[in-house]
Amino acid sequence: MQIFPGAAGGGKGIFDRIICDVPCSGDGTFRKYRDKWGHWQAHQGRQLHSLQLQIALRAIALLK
């Protein structure tokens, strides 16, 4: 986790915009590589959901 000085005080964020580069489940790859479907399992996509959500919530907290 990154620490942003002054960002935690008073519940006010310090940024106008935030871009998040969250980890991807990779399921979009299957449009290009249909042979990958045989190796993919739903839990692989679900495993990343909590991390993606944590990143998004942290970004929201840092917004003005």
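Preceding this paragraph is the structure being described.
Everything numeric here is computed off the predicted structure, so don't read it as measured data.

### Let's talk about the overall build of the protein
Phase 1: Helix and strand counts for the protein come out as two helices and zero strands.
Phase 2: Sequence separation of at least 24 residues holds for 73% of the intrachain contacts in the protein that already meet a minimum separation of 6.
Phase 3: Element-wise, carbon and sulfur atoms account for 57% of the exposed surface of the protein, whose accessible area totals about 5500 Å².

### What to know about a nonpolar patch on the surface
Phase 1: Judged by side-chain polarity, Ile18, Leu53, Leu57, Ile60 and Leu63 come together as a nonpolar surface patch covering roughly 420 Å² of accessible area.
Phase 2: Within the secondary structure layout, Ile60 lies in helix α2 (residues 49-62).
Phase 3: Relative accessible area serves as the criterion here: at 54%, Ile60 is assigned to the exposed category.

### A look at the pattern of salt bridges
Phase 1: If you walk through the whole model with that rule in mind, you get one salt bridge.
Phase 2: Lys64 is the salt-bridge partner of Asp16, the closest N and O atoms lying 3.3 Å from each other. Here the residue Asp16 occupies a position in the segment before α1 (42-46), and Lys64 occupies one in the segment after α2, the gap between them amounting to 48 residues.

### Description of the environment of Gly13
Phase 1: Structurally, Gly13 can be placed in the segment before α1.
Phase 2: Classification of Gly13 by relative accessible area gives buried; the value is 12%.
Phase 3: For the pair Gly13 and Ala61, spaced 48 residues apart in the sequence, the C-alpha separation amounts to 6.1 Å.

### Quick look at the environment of Val22
Phase 1: With respect to the element layout, Val22 can be found in the segment before α1.
Phase 2: Once the C-alpha coordinates of Val22 and Ala56 are considered, the two residues, 34 residues apart in sequence, prove to be 8.3 Å apart.
Phase 3: Aside from chain neighbours lying at most four places away, what touches Val22 is Gln52 and Ile55.

Rules and cut-offs
Residues numbered from 1 in each chain as written. Predicted model: local features only at pLDDT ≥ 70, side-chain atom pairs only at ≥ 80, totals over all residues. Heavy atoms only, no water. Helix = DSSP H or I, 4+ residues; strand = E, 2+ residues; numbered from the N terminus. Contact = heavy atoms within 4.5 Å. Areas by Shrake-Rupley, 256 points an atom, 1.4 Å probe, with all protein chains shown as cover. Patch = residues over 30% accessible without salt bridge, like charges linked within 9 Å, V, L, I, M, F, W, Y side chains within 5 Å. Salt bridge = Lys/Arg side-chain N within 4 Å of Asp/Glu carboxyl O. Buried < 20%, exposed > 50% of the residue type's maximum accessible area, 1.4 Å probe, protein only.

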